[in-house]
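Here is how the chains run, residue by residue.
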Amino acid sequence: DELIEIEQLCQEKNCGVMIGFNRRFSPFAQKIKAKVGSGKMSMIYRVNAGFIPADSWIQDLTVGGGRIIGEACHFIDLMAYMCGSIPCKVSASVLSDSQGLNDTVNMLIEFENGSTGVVAYYANGSKSLPKEYFEVYHAGTTGIIYDFKKCEIYGRKVEKFSKASQDKGQKEMMTQFFASIKEGKLPIALNEIFSVTKATFAALKSMQEDGAPVRF
């Protein structure tokens, strides 16, 4: 209901809204995007999310939204950015646990242009494994991001890039956001922000319906 209200306000007031989907602004995501372009793609995003207890504010659906709404949105957004399309259907299956947290999940995301992505969000893994690993495949090119510390691009040749520290794009996102206030055009399109958020709601609904696909 709140999301619908925000959408309506943006339309009525002819204004925008910004949310911190920062990974698309990472230099590694930018380099891969420049190579793969847009179109029908296959994507995999594995997240070694780690355990968070049930009494954490993050797990509170009212305060933190839970881990799918509160964190998995970032991974769906990177996929949307990479393939140049918005999500439209989600199927999600969950590995049950004793606390009913429902935060070890496989999500199949389908996009309007025919792209598909799998978000493997796991809370039951080893702490020694790096958190995030992303792969994208398109027209003979493959891009891989290793925990936003390095990336590799496989095409006619292999290109490798790395940085001394992790860069998930937060600084570049804020730079573009402040610049956009002057220019009057926000760095993330509204339909992308709203559709990615709706995809997280669809994932929760699919989990409740034994993995049935939810179109939105």
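For the structure itself, consult the block above.
What you see is a predicted model, and the numbers here were worked out from it, not measured in a lab. (Residues numbered from 1 in each chain as written. Predicted model: local features only at pLDDT ≥ 70, side-chain atom pairs only at ≥ 80, totals over all residues. Heavy atoms only, no water.)

S.K.: Is there a simple way to explain helix 2 (residues 27–36) in this structure?
M.R.: Of all the positions in helix 2, only Phe28, Ala29, Ile32, Lys33 and Val36 are classed as buried. Here the buried residues of helix 2 occupy an arc of 130° about the axis, which is enough to place them on one side. Looking at the packing, one finds that the buried side of helix 2 touches helix 3 (66–83), strand 5 (132–138), strand 6 (141–146), strand 7 (150–154) and strand 8 (158–162). (Buried < 20%, exposed > 50% of the residue type's maximum accessible area, 1.4 Å probe, protein only. Helix = DSSP H or I, 4+ residues; strand = E, 2+ residues; numbered from the N terminus. Arc of directions from axis to C-beta. Contact = heavy atoms within 4.5 Å.)

S.K.: Looking at this structure, how should I read the sheet that holds strand 4 (residues 116–122)?
M.R.: Strand pairing within a sheet occurs via backbone hydrogen bonds; the two strands may be parallel or antiparallel. Taken in spatial order, the nine strands of this open sheet run 8-7-6-5-1-4-3-2-9, and their pairing is mixed. The strands lining the two open edges of the sheet, one partner per strand, are strand 8 and strand 9 (214–215). Pairing analysis gives six bridges linking strand 1 (residues 42–48) to strand 5, with the strands arranged antiparallel. When the bridges of strand 5 are listed, Tyr45 appears paired with Phe134. This element, helix 3, spans strand 1, strand 2 (87–94), strand 3 (105–111), strand 4 and strand 5 of the sheet and lies at about 150° to strand 4. (Pairing = 2+ DSSP bridges. Axes fitted to C-alpha atoms, helices over the stretch in contact; angles between N-to-C directions.)

S.K.: Would you take a moment to explain the packing of helix 3 against helix 5 (residues 190–208) for this structure?
M.R.: The angle between the axes and the distance between the axes are what describe a pair of packed helices. Two elements in contact, helix 3 and helix 5, have axes whose closest approach is 8 Å; the angle formed by their N-to-C orientations is 125°. Accordingly, the angle class assigned to the pair helix 3 and helix 5 is oblique. In this structure, helix 3 meets helix 5 at a crossing whose hand is right-handed. Contacts between helix 3 and helix 5 involve Ile68, Ile69, Cys73, Ile76, Asp77 and Ala80 from the first element and Val196, Ala199, Thr200, Phe201, Ala203 and Leu204 from the second. (Parallel < 35°, antiparallel > 145°, perpendicular 65-115°, else oblique. Left-handed = near helix turned anticlockwise from the far one by under 90°.)

S.K.: Sorry, what's going on with the packing of aromatic side chains here?
M.R.: Any pair of aromatic rings gets described here by the distance separating the centres and the angle formed by the planes. Under the counting rule described, the total for this entry stands at five aromatic pairs. Pairing Tyr45 with Phe134 gives two aromatic rings, centres 5.3 Å apart and planes at 55°, and the pair type is tilted. With Tyr45 in strand 1 and Phe134 in strand 5, the pair connects residues that are 89 residues apart, well separated along the chain. Phe134 sits in the buried class, given a relative accessible area of 1%. Measuring from ring centre to ring centre gives 5.6 Å for Phe177 and Phe178, while their planes differ by 45°; the resulting arrangement is tilted. Residue Phe177 is classed as partly exposed on the basis of its relative accessible area, which comes to 21%. Connected via pairs of aromatic rings, a cluster forms that spans Tyr45, Phe75, Tyr121 and Phe134. Directly above the aromatic system of Phe161 lies the positively charged group of Lys31, at a separation of 4.4 Å from the ring centroid. (Phe/Tyr/Trp six-rings, centres within 6.5 Å; stacked < 30°, edge-to-face > 60°. Lys NZ or Arg CZ within 6 Å of the ring centre and 35° of its normal.)

S.K.: Can you help me understand helix 1 (residues 2–13) in this one?
M.R.: Residues separated by three or four positions in an α-helix point in the same direction, a consequence of the helix having 3.6 residues per turn. In this model, helix 1 (12 residues) spans 16 Å end to end at C-alpha, consistent with the 16 Å of a helix rising 1.5 Å per residue. Along helix 1, the residues that are buried comprise Leu3, Glu7 and Cys10. One face of helix 1 carries all of its buried residues, which in axial projection span an arc of 65°. In helix 1, the exposed positions angled more than 90 degrees off the buried face are occupied by Glu2, Glu12 and Lys13. Of the residues one or two after helix 1, Asn14 is the one with positive phi, at around 55°. (Expected span 1.5 Å × (residues − 1).)

S.K.: Before we go on, may I ask you to explain the nonpolar core in this structure?
M.R.: One recurring pattern in soluble globular proteins is that nonpolar side chains are buried together. The biggest cluster of nonpolar side chains holds 45 residues, and the ones touching the most others in it are Tyr45, Met82, Met107, Val119 and Phe134. Residue contributions to this core peak at 11 residues, all from helix 3. (Core = buried A, V, L, I, M, F, W, Y, C linked by side-chain atoms within 4.5 Å.)

S.K.: For this particular structure, what's the right way to read the pattern of salt bridges?
M.R.: Opposite charge on two side chains allows them to pair when their charged atoms are near. This model, assessed by the stated rule, comprises 11 salt bridges. Taking the shortest distance from any N to any O, the salt bridge between Glu132 and Arg23 comes out at 2.8 Å. Of the two residues, Glu132 is situated in strand 5 and Arg23 in the loop between helix 1 and helix 2; the sequence distance between them amounts to 109 residues. With a relative accessible area of 6%, Arg23 lands in the buried category. Of the charged contacts in the structure, one is a salt bridge between Arg67 and Asp103, with a shortest N-O distance of 3.1 Å. In this pair, Arg67 sits in helix 3 while Asp103 sits in the loop between strand 2 and strand 3, placing the two residues 36 residues apart along the sequence. Side by side, Arg67 and Asp103 carry an identical accessibility label, which is buried. Each of Arg23, Glu71, Lys131, Glu132 and Lys168 takes part in one network of salt bridges that share partners. (Salt bridge = Lys/Arg side-chain N within 4 Å of Asp/Glu carboxyl O.)

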